[in-house]
Amino acid sequence: MFNDIGALELLTLVVLAVLVFGPEKLPKVIQDVTRTIRKIREFSDSAKEDIRSELGPQFKDFEFEDLNPKTFVRKQLMDGNDDLGLKEIRESFDLRKEMAEVTDAVNGRESASSTGTAAAASGTAAAAGAAATPDLLKKPAQPAKDERPPFDADAT
């Protein structure tokens, strides 16, 4: 719960507590807070035990942490229950490989997985001409000094 509190924030809270409650009352306030937290934990533990005893023996492996949606989804979908075939889907999808193929396609290189089909296609593409696929990394040619850029009267 308080895992993200740093040293500076903790020091600020201590200084603020001393200013609000005063150095004389601060130990008493800390004792009251810890006593209240202890009572809340005891109440929560006794409520959990009452619920377990009322549910009966068929729910002996019931854990309250399983009611958390993240834990429930992880337990039902990610663990040993693979009735839906999710493990095969997860293993067949390799994000790094997909991203490498896309990067290679953008840069105009052949990817490792499609070298056989790409080699056959490159022979056809070379015969068709290199102008069929524009080089996106190449800077466009600069117009001549006397040449004006196209003007669209409707755009202005």
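If you're wondering where the values come from, they're calculated on a predicted model, not measured in any experiment. Going along each chain's sequence as written, the residues are numbered from 1 onward. In keeping with the predicted nature of the model, local features appear solely for residues at pLDDT of at least 70, side-chain atom pairs appear and are counted solely at 80 or more, and the whole-chain, interface and lining totals rest on all residues. As a convention, hydrogens and water are excluded, and side-chain values are obtained from all of the structure's heavy atoms.

Go over helix α1 (residues 7-55) with me, naming the residues and quoting the values.
By definition, any uninterrupted DSSP run of H or I lasting at least four residues is a helix, any uninterrupted run of E lasting at least two residues is a strand, and each is numbered from the N terminus. Here the expected span of a helix is defined as 1.5 Å times the quantity of residues minus one. With 49 residues, α1 ought to run about 72 Å at 1.5 Å a step, yet its terminal C-alpha atoms sit only 44 Å apart, falling short of that. Bend is computed residue by residue as the angle between axes fitted to the seven residues ending at the residue and the seven residues starting at it. The largest bend in α1 amounts to roughly 100° and is located at G22, with the proline P23 lying one to four residues further along.

I'd like a description of the pattern of salt bridges, backed by residues and values.
Salt bridge, as used here: a side-chain nitrogen of Lys or Arg that lies within 4 Å of a carboxyl oxygen of Asp or Glu. Summed over the entire model, instances satisfying the criterion amount to three salt bridges. With a shortest N-O distance of 3.0 Å, R35 and D32 are connected by a salt bridge. Remark: D32 and R35 occur in helix α1; sequence separation between them is three residues, near one turn of the helix. Judged by its relative accessible area of 28%, D32 falls in the partly exposed class. One continuous salt-bridge network, built from bridges that share partners, spans K28, D32 and R35. Each residue gets one of three labels from its accessible area relative to the maximum for its type: buried under 20%, exposed over 50%, partly exposed in between, using a 1.4 Å probe on protein chains only.

Account for helix α4 (residues 95-107), with residues named and values stated.
Along its 13 residues, α4 runs 18 Å from first to last C-alpha, staying within 8% of the 18 Å computed at 1.5 Å per residue. Looking one or two residues past α4, G108 carries a phi angle of roughly 80°, positive in sign.

Can you tell me about the confidence of the model for the protein, naming the residues and giving the values?
In predicted models, pLDDT denotes the confidence assigned by the predictor to each residue on a 0 to 100 scale. Per-residue confidence for the protein gives a mean pLDDT of 76, with 71% of residues at or over 70. By mean pLDDT, helix α5 (residues 115-128) is the weakest element of the protein at 47, and α1 is the strongest at 91. Should any heavy atoms of two residues lie within 4.5 Å, those residues are considered in contact. Confidence drops under a pLDDT of 50 for residues 116-131, and excluding neighbours within four residues, the segment shows three contacts in the predicted structure.

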